[in-house]
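Summary of the model geometry
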Amino acid sequence: MSDYYSDPYKDDYKAWLIGGIVFSIIALAIFSVGCYLLARQIQASKFTAVDAVVVDHKMRREKYHNSYANYYYDVVEYEIEGTKYIITCDTMASRDYPPDDIGKIITIYVNSTNPKDVVFSNSTHILLTVLCVAVPICGSVGIAFIFRKAHKIKNDN
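Residues numbered from 1 in each chain as written. Predicted model: local features only at pLDDT ≥ 70, side-chain atom pairs only at ≥ 80, totals over all residues. Heavy atoms only, no water.

Turning to the overall build of the protein chain, a few remarks are in order. On a plain count of helices and strands, the protein chain comes out with two helices and five strands. The linear arrangement of helices and strands in the protein chain, starting from the amino end, is α-β-β-β-β-β-α. Evaluated residue by residue, the protein chain yields a buried proportion of 29% over its 157 residues. Looking at the protein chain alone, contacts between residues at least 24 apart form 62% of all its contacts between residues at least 6 apart. Summing over all exposed atoms, the protein chain offers an accessible surface of approximately 11,000 Å²; the carbon and sulfur share of this is 59%. (Helix = DSSP H or I, 4+ residues; strand = E, 2+ residues; numbered from the N terminus. Buried < 20%, exposed > 50% of the residue type's maximum accessible area, 1.4 Å probe, protein only. Contact = heavy atoms within 4.5 Å. Areas by Shrake-Rupley, 256 points an atom, 1.4 Å probe, with all protein chains shown as cover.)

What follows is the structure in structure tokens.
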């Protein structure tokens, strides 16, 4: 009985090696984003918690798959030592339709030495941080197997 499918790259160590390098670069980029987000969350614990009021929404039209979509971000206002600041949230509040949350009070974390440096406490950041750190760690096992396979093929030839 013959195989209907034969992998043309099964004995090509260069293909496995290049695949491992590309996968490593992607995993490193995702891991870097996760580390940045984690550092910002840790930094937020040292900032001052401030109540901010959602005053408006900023719409950004961005590419989503093969079309464009409208993404809405909260614009919040907060006050530090009598000075009012207005800043746009860095995480999306809604897609396609503006949310109905004008006047909603949210907690933000403000750097006391630079009141324009703000961290928005959002569960999305925590989830994204976990994914951006856990996925590359799990992917490193796959990368190890890819390099092991490339090394085995090279030694067998």
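Its place among the elements puts asparagine 111 in the loop between strand 4 (105-110) and strand 5 (118-120). The class of asparagine 111 is buried, set by a relative accessible area of 15%. Polar side-chain contacts of asparagine 111 include one of 2.8 Å to the side chain of threonine 113. Sequence-distant contacts of asparagine 111, defined by excluding residues within four places in its chain, comprise Phe47 and Asp117. (Polar contact = N/O pair within 3.5 Å; in protein donor to acceptor, adjacent residues only side chain to side chain.)

Residue position: aspartate 90 is located in strand 3 (residues 83-95). Taking relative accessible area as the criterion, aspartate 90 reaches 46% and is therefore assigned partly exposed. Each C-alpha atom, one on aspartate 90 and one on tyrosine 73, is 7.2 Å from the other, the two residues being 17 residues apart in sequence.

Moving on to the sheet that holds strand 2 (residues 67-80). With antiparallel pairing, the five strands of this open sheet are ordered in space as 3-2-1-4-5. Each edge of the open sheet carries a strand with a single partner, namely strand 3 and strand 5. Each adjacent strand pair in this sheet contributes to an overall mean axis angle of 45°, direction not counted. In terms of strand pairing, strand 2 meets strand 3 through nine bridges, oriented antiparallel. Looking at the pairing, glutamate 77 lines up with isoleucine 86 of strand 3. (Pairing = 2+ DSSP bridges. Axes fitted to C-alpha atoms, helices over the stretch in contact; angles between N-to-C directions.)

Turning to the side chain of aspartate 101, a few remarks are in order. Residue placement: aspartate 101 occurs in the loop between strand 3 and strand 4. No salt bridge is formed by the buried aspartate 101; the nearest opposite charge belongs to lysine 104, separated by 4.9 Å. Once you skip the residues sitting within four places of it in the chain, aspartate 101 turns out to touch Val54, His57 and Asp74. (Lys, Arg positive; Asp, Glu negative; His and termini not counted. Salt bridge = Lys/Arg side-chain N within 4 Å of Asp/Glu carboxyl O.)

Evaluated as defined, the whole model comprises one aromatic pair. Positioned above the aromatic ring of tyrosine 73 is the side chain of arginine 60, whose terminal nitrogen or guanidinium carbon lies 4.2 Å from the ring centre. (Phe/Tyr/Trp six-rings, centres within 6.5 Å; stacked < 30°, edge-to-face > 60°. Lys NZ or Arg CZ within 6 Å of the ring centre and 35° of its normal.)

A few words on the pairing of strand 1 (residues 48-64). In this structure, strand 1 lies alongside strand 4, joined through six bridges in antiparallel fashion. Within strand 4, the position partnered with valine 50 by the bridge is isoleucine 108. Connecting strand 1 to the antiparallel partner strand 2 that follows it, the hairpin turn spans two residues, and histidine 65 within it adopts a positive phi of roughly 55°.

Here glutamate 81, not a glycine, exhibits a phi torsion of approximately 50°, which is positive. Position of glutamate 81 among the secondary structure elements: in the loop between strand 2 and strand 3.

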